[in-house]
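# A closer look at the structure
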Amino acid sequence: MLASAGAENDQPVRTIRAGDGPQFRFEVSNDGMTMVTGSFMRGPKVWDTREWQVTRELKHHGMFRGLSPDGKSLAVVSSDDAYLWLCDTGTGSSKRSEITGGFGHAKTNAVLCAAYSPDGEFLATSGIDTVVKIWDATTLKGSGELRGIDSPPAQIRFSADSKLLAAASWNGRVRVW
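Computed from a predicted model, the values in this text were never measured in an experiment. (Residues numbered from 1 in each chain as written. Predicted model: local features only at pLDDT ≥ 70, side-chain atom pairs only at ≥ 80, totals over all residues. Heavy atoms only, no water.)

### Considering the sheet that holds strand E16 (residues 165-169)
The strand order across the open sheet built from three strands is E15-E16-E17, with neighbouring strands paired in antiparallel fashion. Unpaired on one side and paired on the other, strand E15 (153-158) and strand E17 (174-176) mark the two borders of the sheet. Direction aside, the axes of adjacent strands within the sheet are offset by 15° on average. Where E15 lies against E16, five bridges are found, and the strand directions are antiparallel. Across the sheet, residue Ile-156 finds its bridge partner in E16, namely Ala-167. (Pairing = 2+ DSSP bridges. Helix = DSSP H or I, 4+ residues; strand = E, 2+ residues; numbered from the N terminus. Axes fitted to C-alpha atoms, helices over the stretch in contact; angles between N-to-C directions.)

Rendered as structure tokens:
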């Protein structure tokens with residue numbers, strides 16, 4: 001269950017049932033109008049936070065790893081076919097890019113995290129291979145990679161001005177580029 005806190009006290013103003021089983025991830029768009037929840041049991045759910053209703057349940061199998069700042073695009077990583085899917089949260093349509101081999105991550109390594117830059121121009125991914133890949137968020141073309149993480153990442157995030165990228169690793173280190 002997810003809850004939003006009231007401004008005057010610590011009592012929730014809304015509690016929703018996001019789905020069956022544990023919810024491993026959720027994100028809210030910058031304007032607060034869209035929320036996405038995700039679990040291993042089902043595809044990601046897109047919520048309208050004004051009405052607290054599910055507006056779309058995406059059918060992609062895999063875990064969603066990032067919501068664009070405007071709430072219109074969702075990055076979903078499929079562990080079974082090694083693709084990064086960008087899903088339109090309004091229509092449900094999607095496009096994919098192979099994220100293994102070539103520019104992408106090593107074929108035997110899962111992508112563990114992804115983050116959109118606050119300006120929405122880039123999407124960064126990282127996984128067991130400990131390499132951070134930078135993608136054009138619209139075309140899904142690879143545009144760069146960062147090395148230096150010596151342990152799988154737990155989280156990656158861009159700075160508010162999109163000029164820095166940080167990766168927090170399982171070994172307790174944070175690298176900033």
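### Concerning unusual backbone geometry
Within the chain, Leu-140 stands out as a residue other than glycine whose phi angle is a positive 65°. Note that Leu-140 resides in the loop between strand E13 (132-136) and strand E14 (142-146). Unlike most non-glycine residues, Ser-162 shows phi in positive territory, near 65°. Residue placement: Ser-162 occurs in the loop between E15 and E16.

### Comments concerning the sheet that holds strand E4 (residues 34-38)
A sheet is described by the order of its strands in space; here four strands give the open sequence E3-E4-E5-E6, paired in antiparallel fashion. The sheet is open, and its two edges are formed by strand E3 (25-28) and strand E6 (53-57), each paired on a single side. Taken pair by pair, the neighbouring strands of this sheet meet at an average axis angle of 25°, ignoring direction. Sheet topology note: the strand E5 (residues 45-48)/E6 ladder contains four bridges and is antiparallel. Each residue of the ladder has a partner; that of Val-46, found in E6, is Arg-56.

### Details of the pairing of E14
Moving residue by residue along a regular strand, the side chains alternate between the two faces of the sheet. Both E13 and E14 contribute to a ladder of four bridges, which runs antiparallel. What sits directly across from Lys-133, in E14, is Glu-145. Linking two consecutive strands that pair antiparallel, namely E13 and E14, is a turn of five residues; a positive phi of about 65° is found at Leu-140 within it.

### A closer look at the pairing of strand E12 (residues 122-127)
Burial runs high along E12: five of the six residues are buried. Two elements, strand E11 (residues 111-116) and E12, share five bridges in a ladder whose sense is antiparallel. Residue pairing in the sheet places Ala-114 in a bridge with Thr-125 of E12. Hairpin connection of E11 to E12: five residues between the antiparallel strands, including Gly-120 at a positive phi of 80°. Where E12 lies against E13, five bridges are found, and the strand directions are antiparallel. If you follow Thr-125 over to E13, its bridge partner there is Lys-133. In this antiparallel pair of consecutive strands, E12 and E13, the connection spans four residues, and Thr-130 shows a positive phi of 65°. (Buried < 20%, exposed > 50% of the residue type's maximum accessible area, 1.4 Å probe, protein only.)

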